Structure formats: structure tokens, C-alpha cells
Protein chains: 2
Amino acid sequence: MIIDCHGHYTTAPAEAEAWRKLQVQALGDPAQAPRKAQLRISDDQIRESLEGAQLKLQRERGTDLTIFSPRASSMAHHIGDAQTSRVWSEICNELVHRCCTLYPENFAGVGQLPQSPGVPPETCIPELERCVKEFGFVGCNLNPDPSGGHWKEPPLTDNWWYPLYEKMVELEVPAMVHVSTSCNPAFHTTGAHYLNADTTAFMQFLTSDLFKDFPTLKFVIPHGGGAVPYHWGRFRGLAQDMKRPPLHELLLKNVFFDTCVYHRPGIELLLKVVPVDNILFASEMVGAVRGIDPETGHHYDDTRRYVDSIDWLSDADKKKIFEGNARKVYPRLRKS
Amino acid sequence: MIIDCHGHYTTAPAEAEAWRKLQVQALGDPAQAPRKAQLRISDDQIRESLEGAQLKLQRERGTDLTIFSPRASSMAHHIGDAQTSRVWSEICNELVHRCCTLYPENFAGVGQLPQSPGVPPETCIPELERCVKEFGFVGCNLNPDPSGGHWKEPPLTDNWWYPLYEKMVELEVPAMVHVSTSCNPAFHTTGAHYLNADTTAFMQFLTSDLFKDFPTLKFVIPHGGGAVPYHWGRFRGLAQDMKRPPLHELLLKNVFFDTCVYHRPGIELLLKVVPVDNILFASEMVGAVRGIDPETGHHYDDTRRYVDSIDWLSDADKKKIFEGNARKVYPRLRKS
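A quick note: this is a predicted structure, and the numbers were derived from the prediction, not measured.

A.B. asks: Before we move on, can you summarise the overall build of chain A with the specific residues and values?
C.D. replies: When you go through chain A residue by residue, the secondary structure sums to 14 helices and ten strands. Its C-alpha radius of gyration of 19 Å places chain A within 12% of the 20 Å reference for a compact globule of 336 residues. The long-range share in chain A, meaning contacts at least 24 apart out of those at least 6 apart in sequence, stands at 77%. Side-chain charges of chain A comprise 36 positive and 42 negative groups, with the mean position of each set lying 2 Å from the other.

A.B. asks: I'd like a description of the packing of aromatic side chains, backed by residues and values.
C.D. replies: Residues and elements named next belong to chain A. Following the criterion strictly, the structure yields 36 aromatic pairs over all chains and no others. Ring geometry for Y165 and F219: centres 5.5 Å apart, planes at 80°, overall edge-to-face. Taken together, the positions of Y165 in helix 6 (residues 162–171) and F219 in strand 6 (residues 219–221) put the pair 54 residues apart, joining distant regions of the chain. Side by side, Y165 and F219 carry an identical accessibility label, which is buried.

A.B. asks: Account for the sheet that holds strand 1 (residues 3–9) of chain B, with residues named and values stated.
C.D. replies: All names here are of chain B. Taken in spatial order, the eight strands line up as 1-2-3-4-5-6-7-8 in an open sheet, and their pairing is parallel. The sheet terminates laterally at strand 1 and strand 8 (279–280), the two strands that pair on one side only. Alignment of strand 1 against strand 2 (residues 65–70), held across five bridges, turns out to be parallel. Its bridge partner being in strand 2, D4 is matched across the sheet by T66.

A.B. asks: For the relation of the copies chain B and chain A, give the residues involved together with the corresponding values.
C.D. replies: Superposing chain B onto chain A takes a rotation of 180° plus a shift of 0.0 Å along the axis, which leaves an RMSD of 0.0 Å. Expressed as an axis order, the relation between the two copies is that of a two-fold axis. Of the C-alpha atoms belonging to chain B, the one lying closest to the rotation axis is found on B:A227, 2.1 Å away.

A.B. asks: Residues and numbers for the layout of surface pockets, please.
C.D. replies: Size it by volume and the largest pocket reaches roughly 480 Å³. Within the residue set of the lining of the largest pocket, elements represented by two or more residues are helix 11 (264–273), strand 10 (298–299) and helix 12 (303–309) of chain A together with helix 9 (232–241) and helix 10 (247–250) of chain B. Considering each element in turn, the lining of the largest pocket owes the most residues, four residues, to helix 9 of chain B. For the lining of the largest pocket, the per-class residue count stands at twelve nonpolar, six polar and seven charged.

A.B. asks: Describe unusual backbone geometry, listing the residues and the values that go with them.
C.D. replies: A cis amide bond links A:M285 with the next residue in sequence, A:V286, at an omega value of -5°. Summarising the element assignment, A:V286 is placed in the loop between strand 8 (279–280) and strand 9 (292–293). With a phi close to 50°, B:H223 is a non-glycine residue in the positive phi region. Looking at the element boundaries, B:H223 is found in the loop between strand 6 (219–221) and helix 9. On the accessibility criterion, B:H223 (1% relative accessible area) is buried.

A.B. asks: Can you explain the interface of chain B and chain A? Please cite residues and give values.
C.D. replies: Chain B puts 57 residues into the contact, and the matching count from chain A is 57 residues. In this assembly, chain B packs against chain A so that about 4,500 Å² is buried in total across both faces, 56% of it on carbon and sulfur atoms. Of all residues in chain B, B:Y230, B:R234 and B:R236 bury the most surface against chain A, accounting for 19% of the area lost on that side. Linking chain B with chain A are eight salt bridges, by the criterion used here.

A.B. asks: Any chance you could break down the packing of helix 1 (residues 14–25) of chain A against helix 4 (residues 82–102) of chain A for me, citing the residues and the numbers?
C.D. replies: Residues and elements named next belong to chain A. Their axes nearest at 11 Å, the elements helix 1 and helix 4 cross at an angle of 175°. Taken as axis vectors, helix 1 and helix 4 run roughly antiparallel relative to one another. Contacts from A16, W19, R20 and Q23 of helix 1 reach helix 4 at T84, V87, W88, I91 and L95. Classifying every residue of the contact of helix 1 with helix 4 by side-chain character gives six nonpolar, two polar and one charged.

Calculation rules
- The numbers attached to residues start from 1 for each chain and follow its sequence in the written order.
- All chains are assigned letters beginning with A, and all ligands numbers beginning with 1, in the order in which they are written.
- Where local features are concerned, this predicted model is filtered to residues with pLDDT of at least 70; where side-chain atom pairs are given and counted, the filter is 80 or more; whole-chain, interface and lining totals use all residues.
- Here the side-chain values reflect all heavy atoms present in the structure, with hydrogen atoms and water set aside.
- Helix numbering and strand numbering both begin at the N terminus, where a helix is a DSSP run of H or I of at least 4 residues and a strand a DSSP run of E of at least 2.
- For this measure, only C-alpha atoms enter the radius of gyration; the expected value for a globule follows 2.2 Å times N^0.38, where N is the number of residues.
- The contact criterion used is simple: two residues touch if any of their non-hydrogen atoms lie within 4.5 Å.
- Counted charges follow a simple rule, with Lys and Arg positive, Asp and Glu negative, and His plus the chain ends left uncounted.
- Positions of charges follow a simple convention, taking NZ of Lys, CZ of Arg, CG of Asp or CD of Glu.
- Aromatic pairs are defined between Phe, Tyr and Trp rings, using the six-membered ring for Trp, whenever the two ring centres lie within 6.5 Å; interplanar angles under 30 degrees are classed as stacked, those over 60 as edge-to-face, and all others as tilted.
- With a 1.4 Å probe rolled over the protein chains alone, any residue whose accessible area is under 20% of its type maximum counts as buried; one over 50% counts as exposed, and the rest are partly exposed.
- DSSP calls a pair of strands paired once it identifies at least 2 bridges connecting them.
- C-alpha atoms of residues with pLDDT of at least 70 in both copies form the basis for the least-squares superposition of the copies.
- A cavity here means a set of 1 Å grid points, computed over protein atoms only, where a 1.4 Å probe fits but cannot escape. A pocket is an open set with protein on both sides within 12 Å along at least 5 of 7 lines, and lining residues have an atom within 4 Å of a point.
- Grid points are joined across faces, edges and corners, and a volume is the space filled by probe spheres set on the points.
- The classification used treats Ala, Val, Leu, Ile, Met, Phe, Trp, Tyr, Cys and Pro as nonpolar, Asp, Glu, Lys and Arg as charged, and all other residues, Gly among them, as polar.
- Note on definitions: buried area is the accessible-area loss of two parts on being combined, 1.4 Å probe, summed for both.
- Just to be clear on terms, a salt bridge is a Lys or Arg side-chain nitrogen sitting within 4 Å of an Asp or Glu carboxyl oxygen.
- Lines fitted to C-alpha atoms define the axes, with helix axes restricted to the stretch in contact, and inter-axis angles between N-to-C directions lie between 0 and 180 degrees.
- Note on terminology: angles under 35 degrees are roughly parallel, angles over 145 are roughly antiparallel, angles of 65 to 115 are roughly perpendicular, and the others are oblique.

That is the geometry; function is a separate question.
Below you can see the structure in the form of C-alpha cells.
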């Protein structure tokens, strides 16, 4: 079985985006805000939005289950306030829940949190509980920068985040560290901001004792860990210079990387330097890069091909990457 | 001959830092500001600061010439105003010039620019001209984020920077894109901010037509290009999705990467995916990571060993990386 731990509902029917547009337009005048019930999307529309996209790609690439969350760039936590984010997150999570209900073999849900800049993260707990307890979701996406590229929140290792972590531990759900759209013109969203956030989060973890406080808390760092595996020597050396414990002791029981790296040499590097127990298969599809690589004739994001092609990786290790590690990091998958 | 294109004067005598401290203390009261002449450092002090550090490492590692600039983290352009940065940059550049004068075979200078948040970059032109024309410097360090981690400046591809680029082109000097200390608690300086800036700058170049306007302008992206080579497929795919030209046409005549990647698998990836003409040898010494890797018994930043060990790289290609490419990117090296 092949579990893809990083998929987004980037193909939701246009009605969802239109509803969001109304919500944003009404920001200055709450009386004009659309009601949730105004959003009408049929089951057939949802089937159609998935059949030609995520489900088609699953079939073509031979993957089975996608751990599936709302479109990351559309979370846009910087827009409006906590109430804005609350209603929009509910809508996005309900849509993902409907996908999972229609195709329970193909999708397991991951929730968008109703974060808002400067608002304590514990305000996200009710929606996290709803996602896990009512919808059977197996994780959440946590945005370390709800400001959208201005980085005003305390580091992920600050007590600021602890109430949310307590709930995550209680519910046995990991978080994927995932920013949203950059509204800072310096940062391209998918080409810079996403990767920078991955590197930033890893270094926050490396310099803290967060996992002493939460020994079972788990994070997935997407996009192959940003710059981290490529600079594995730098990070090992920085930890050593700072008299921190070795990385395996410091954070590798808690921090995992996905395989969203879109060329074979990158995947090979990841598999060479990061312990196999810390790597989860993923493709980010339908995601940031949609084209076909003229050098291979295959989609850049068909990451299964790269992993399959690594002939020095044992079958047992491939099984961990494709399935076993995901079941460990997302224990609710077993229960679902 | 081996040219290391990325070295910083991180071992300057303590008097320099003490002078800076006085300068910072006097920020609210310019009458208290120290005069430049108050900083007294003898030639012997400079010799001593280099003999046991950069020169010792050059000898031990068998490298010849270091392209040498002031300590990057101490540029701290966010402190004070343009006048603060002007005087501090002059001091730092004069110290590097003295290093180069005392050891002309070992060092070629690169200047710190007196940038200041929100201040037009053309204000840096006089100091750049002084460095190049009076001191014989061969390049400059350009900080894309003088705010120190708040990223408030326009992208490097904005007209905002053009007057400086015109002068760089006229003087035939490249810039290394190099941020300074992060004062944003989200970003660790050497573990996140530096790498993020590298990735950010590359993506700014990728999405612009800057090099149509300046066909001979050249940038070196340090730290192995941040996350870029590891995600080479992602960047190729993003450019393709955006209908941009292929990378070699779009920016590889203008953008170069150094080899400051502190483990062999990282260097191997860099050499595999980035064209050999775009890679310049560097070690960032004495720099971000100073320890010895217990896995190899050698310094993490002894990057020559990694390059030497790549047996599929031809001697001609190694010569390009160690010397030839630096001479192309820094044409004033030939004249110095």
C-alpha cells in the first residue's frame, strides 16, 4: 500500500472560491458576510473535481491513500480576523470531509486550523477537535506564519503554541508545518515562502527543548524539509557548535520529512542523509508544480518514480517510506 | 590555484567590535558618536588575527586566495540610519583592505555596502567606488533584507536597485547576495535566515526579466544556493508552469552558486544538478560552522575535501570550480 501524506484539495469547485470572495468583500461590513449555508456544492461536483485530478493521478501513479487537506495557499490566515478564519476553515474542512466520505479508501482528512495573526493558537482547538472527533481526520496543518510572509508570530517552540500542542498530543494527531500565501512581495509563495518556512521551523526545533516538554508531539516538514537535507552537514555542525545533542536524539523522534522533491538527485540526497524512519512518501499533488519534465517525460511531482528508481534502497525501507512511517506518525490512520 | 570566493573577516580584533558598541550606544545622541580615528588597530594585530585563523586554514587545506569581506552577521544594516551604516561600512572595508594589503597573495577584497532600511541603494555607490577604485576590491555583498529578517525592501529585481546595478556593471563587480543578522526571533541567523535569503533571491530572479535589462550583471548566491539545487526540479517546473524560459537561458549567465555545503552528499547533489560553469568553490571560513564532523574527522567547512572526493568530476571541471569560474565572475581578479 502506498500512502501519500501530502495532498491538497486544490481542485475544489469554483463555488468555494466565490464564497470566499464574498466573505473577503464583506470584511468591512459584517452584515454583508455570506452565511455558510449559501455555499451549495453537490456530491457530483465533488466527485467530478476529484475524478479527473487526484483520483486519476492516484490510479496512474499507483498510489492508494492520500492524506488530504484544504488548499494551503488559500488558508490565507492573514485575511480578516479569527472569526473570518473560523468560518472559512470550517467550510474548507467540511469540503475535505465530504471528499473523504465519498472516497474513504482514497482520502484521509487533515484539518485547516482557523489561525489568525496574533490570536492565541488555543482558539483553534474547537475546530481541531471537530475535525478529529466528528470527521475522523488524522492530522492538522499548522501555519508558523499566519501573517503571510511577515513572520510576526513567536517561534513554534514558544509557550504561545503549547495549549494547541497539548491537544494534538491528547488527540494523537501530528501537524504538517505549512505556511499559506505570501503577501510579502519578497517571497514567491511556492518557490520561496514554502521552502523557507520548512527550513525555519526545523531550525526553531533544533535550538529548543520543545520535545522534552512534548516527547510524543510530531511534526511533518513538507517539501522534502526545505533546505534541510541538502544542508544536513550544516545543521549537524550548528547543533554541535551550540552543544546541542545530536539530531537523532534532539528531534528525530518528533520531526519527519516528506518526499515532495521533484527530481531524482534531490530524492536520492534525502534518502542518503535523513534516516529512513523519518521520511514519509508524498507528492503534494495536485500542487505547486503541474508540468511534465522534458528531461524524463513524466510529471515533476510523480515522486513515486524517483523513490522506486533508487536501487540501493531495500524493499523493507521502501515499505517504511511508502506506508509504515505514515502509520506511525498518523496513528489515527490505523483507527480509521 | 584554488580561489575561495566566500570568506569573512570574522576574526577582526576586538577593538572593532568595541568601536561598534560605542557607535550603537550613541545612536540617540550623535554628539557621543565615536570618531573613526578613535579605532586603533596595529598591523601586527591584523596579522595575528589572520595567521591563526584564515591563513592557517588556507595552508592546512591547500587553498590559495580568499575573496574576503567583512563579517556578514555584523553588517547589521538594521541598526541606526544610513549615516550609521556609512561609517561602520567604511571601518569594516578599511580593515579588509588592510588584510589584503598585508597579504596580497592571500586575499582579494569584497566590500560591505552601507545599506539602511528604506534608503535608496544608490547611496551605496560612493563606498562601492571607493572600495573598487581605491582599494582594488573585486566585488560587494548585497543585502536583500537590510531590515534584518523583516523583509521590507522591494525584491532585488525591482527598479529600486537599478542605480546600484548600473554602477556594478560599469565597475565590473559582481555582488554576493548575503543577508546579515536576523533580529526576527522566527529566523536563526546562520541556520535559517541565510539559507532563506539565498532561496528567496533565486526565486526573485526566476520570476523577473532583470537580466534582460542587465545582461552582464552577476550575482553569487552563497551557501550552495540555499534550498535551490536540492529543489532544482521544483524550480525548473515552476519556471515551466509560468512559461518562463529554461533556467540556463533565464538566469544561468548571471547567477552563480558557491560550494558552502558542509557534507559530501550535498556537494555531490550541487555538482550533479547545477551546470559546472555556475559553481564557484568556497568554504565560508572562518564562518558559520567551526567544528569537526565526527563522521569524517575533518572540519565540516573543509569543502575542498568534498569537491576533491567526487571522482566523476573531470580535472577540467574541477579547475573551473576552483579557479576559472571565479576569474570569470570576478573579472577584476585578473587585474589585481
